[in-house]
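Each chain, letter by letter, is given below.
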Amino acid sequence: MVLFYLRLYSGLRDSVESGVWNPSGVPTIVRMIEAVERSGLPYQFVFYSYERLPDAIRGKRYVEIEGLKKPVKVISIRCSLSDRIQAIFLGIASVFFSIRYSAKLFYTDRSNVVGAAFVQRMGISRCVLRLLGFPPPLFEQVKKMNGGTLGRWAFNSPFSLVIGTNDGSSVRQLCEQLMNPDLEYEIVTNGIDRQVDSGRRSRSGEAPLQVVTVGRLEESKCCVELIHAWECFIDSGGVGNLVIVGEGALSGHLKELVEEKNLTECIQFSGAVQQRDVLSILNNFDIYVSFNEGAQLTNTNLEALRSGLAIILAESKGDDEAAKEAGLDENIVAWIERRSLSVSFSKVLMNFYENPSELKRVQDETAAKGALMQTWEERMDWEVDQLRGLLDNAS
């Protein structure tokens, strides 16, 4: 039995509450759940939440979700005391459920490193720790936690396997600097959806540029800066439409800013979309842009590469070299300096606007590079095989 003991991410909460599998966000976890369900592995999913559970599912032994073969367990881990005490509570629950389900393999995420340490060190189950990404600020926070006794003890545990997402954040640095030096870990790049026929948009003449950005509308995505940069492009004589795909804490503020700058005719908001729909949405555009300051090797950036769009990325606080090595290199991506976002962005866009042949050349080279990328099915088949091997060895 593999026990998947995972945080109830916001992208999964709607599916749990509605009883219908309709996830948004956290594509690595979503694709893992779907891959495990078709893998033949013996498994159980337990989701833990730091918030109060809705009345509709509170107290239920299991929650049925249409679209998933097996009911899931959902629990609430709420503690008004310190984060350290909450981590210990979560660890105790990890031990309890590992014993309850007679788990030979315990798979959990980064927010439960203490629980994973409990289970591994007590010899209850072999543990796989899944690190989905560590933006630099979070990495600094974790390093401070590692300065304490509990943090050092947890991160230095002899986990059976650590799998980290290569998203240009600080995952590799965390494994190298904080984890047990004898630990086996794998840093892997996410997959992309398989696309038989891209149906990519073809811009003709001096038609308005169609530009898109996709992501949560929060401060770290620098959407305010993007709107200012777009205004600079328009003021320079450029013509185009910018579509902002996503929702978030800044949604209202961004819409007010667009109205204030009289840009409503050339900037639209489309709301949130499912990750699996991103590829088809991107096909309607010429150019993809991301000002994300956390990291640039994101799922959506990879989808843009696969879609054959011209790509503009701002330098981030993450590991941009990792992003370039994974395919987002200077030969096909316009990397712009963060200290001069508006001017640099406007300059690149004007070049594409005035030179359709250059835009097409970049798009063709991007599409060729994207066609070589690993699909989600291939990515997740590899991860399931790792779990199957550990499970067989634990028998």
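Preceding this paragraph is the structure being described.
Computed from a predicted structure; not experimentally measured.

1. A look at the state of the cysteines
Consideration 1: Overall, the coordinates contain 0 disulfides when judged by the stated rule.
Consideration 2: Summary of cysteine pairing: Cys 223 is not part of a disulfide, and the nearest cysteine sulfur, belonging to Cys 222, is at 7.8 Å.
Consideration 3: Using a relative accessible area of 6% as the deciding quantity, one classes Cys 223 as buried.
Consideration 4: The closest cysteine sulfur to the non-disulfide-bonded Cys 232 is located on Cys 266, 13 Å from its own sulfur.

2. What about the sheet that holds strand E2 (residues 43–49)?
Consideration 1: Here 7 strands make up an open sheet; going across it, the order is E3-E2-E1-E4-E5-E6-E7 and the pairing parallel. The open sheet terminates on both sides in strands that have one partner only, identified here as strand E3 (73–76) and strand E7 (185–188). Pairs of neighbouring strands in the sheet enclose a mean axial angle of 20°, with direction left out of account.
Consideration 2: Sheet topology note: the strand E1 (residues 2–7)/E2 ladder contains 6 bridges and is parallel. Its bridge partner lying in E2, Leu 3 is registered against Gln 44.
Consideration 3: Relative to strand E5 (residues 126–131), helix H15 (residues 376–394) is tilted by about 160°, and along the sheet it contacts E1, strand E4 (105–109), E5, strand E6 (161–165) and E7.

3. Digging into the packing of aromatic side chains
Consideration 1: Scanning the entire structure with this criterion turns up 14 aromatic pairs.
Consideration 2: With 5.8 Å between their ring centres and 65° between their planes, Tyr 48 and Tyr 50 make a pair best called edge-to-face.
Consideration 3: Overall, the relative accessible area of 0% leaves Tyr 48 in the buried class.
Consideration 4: For the pair Phe 97 and Tyr 101, a centre-to-centre distance of 6.3 Å together with 15° between the ring planes defines the contact as stacked. Like Phe 97, the residue Tyr 101 is buried in the burial classification.
Consideration 5: One aromatic cluster is present, formed by Tyr 5, Tyr 48, Tyr 50, Phe 96, Phe 97, Tyr 101 and Phe 106 through successive ring pairs.
Consideration 6: Over the ring of Tyr 43 we find Lys 70; its NZ or CZ atom is 5.1 Å from the centre of that ring.

4. Points about the packing of helix H11 (residues 299–307) against helix H14 (residues 356–370)
Consideration 1: Axis separation between H11 and H14 bottoms out at 6 Å; the angle between their running directions is 110°. Accordingly, the angle class assigned to the pair H11 and H14 is roughly perpendicular. Where H11 abuts H14, its residues Ala 304, Leu 305 and Arg 306 lie against Thr 366, Ala 367, Lys 369 and Gly 370.

5. A word on the pattern of salt bridges
Consideration 1: Applying the stated rule across the entire model yields 15 salt bridges.
Consideration 2: Note that Asp 55 and Arg 58 form a salt bridge whose closest N and O atoms lie 2.7 Å from each other.
Consideration 3: Since its relative accessible area comes to 36%, Arg 58 is described here as partly exposed.
Consideration 4: Among the ionic contacts, a cluster of salt bridges with common partners joins Arg 13, Glu 17 and Glu 51.

6. Notes on the sheet that holds strand E8 (residues 209–214)
Consideration 1: Judged by pairing direction, the sheet is parallel, and its 6 strands sit side by side in the order E10-E9-E8-E11-E12-E13 without closing on themselves. With partners counted over all chains shown, the strands left at the sheet margins are strand E10 (267–271) and strand E13 (333–336), one partner each. Between one strand and the next, the sheet's axes are offset by a mean angle of 20°, whatever the strand orientation.
Consideration 2: Relative to the sheet, H14 contacts E8, strand E11 (287–290) and strand E12 (310–314), its axis offset from that of E12 by approximately 85°.

7. Some details on the pairing of E5
Within a regular strand, the side chains alternate between the two sheet faces.
Consideration 1: Taken across its 6 residues, E5 has 5 buried, putting it largely inside the fold.
Consideration 2: Sheet analysis places E4 next to E5, joined by 5 bridges and oriented parallel. Paired with Tyr 107 across the two strands is Val 128, which belongs to E5.
Consideration 3: Each parallel crossover has a hand, and for E4 linked through helix H4 (residues 113–121) to E5 it is right-handed.
Consideration 4: Pairing of E5 with E6, which is carried by 4 bridges, proceeds in the parallel orientation. Its bridge partner being in E6, Arg 130 is matched across the sheet by Ile 163.

Criteria and cut-off values
Residues numbered from 1 in each chain as written. Predicted model: local features only at pLDDT ≥ 70, side-chain atom pairs only at ≥ 80, totals over all residues. Heavy atoms only, no water. Disulfide = S-S within 2.5 Å. Buried < 20%, exposed > 50% of the residue type's maximum accessible area, 1.4 Å probe, protein only. Pairing = 2+ DSSP bridges. Helix = DSSP H or I, 4+ residues; strand = E, 2+ residues; numbered from the N terminus. Axes fitted to C-alpha atoms, helices over the stretch in contact; angles between N-to-C directions. Contact = heavy atoms within 4.5 Å. Phe/Tyr/Trp six-rings, centres within 6.5 Å; stacked < 30°, edge-to-face > 60°. Lys NZ or Arg CZ within 6 Å of the ring centre and 35° of its normal. Parallel < 35°, antiparallel > 145°, perpendicular 65-115°, else oblique. Salt bridge = Lys/Arg side-chain N within 4 Å of Asp/Glu carboxyl O. Right-handed = clockwise from strand over helix to strand, strands pointing away.

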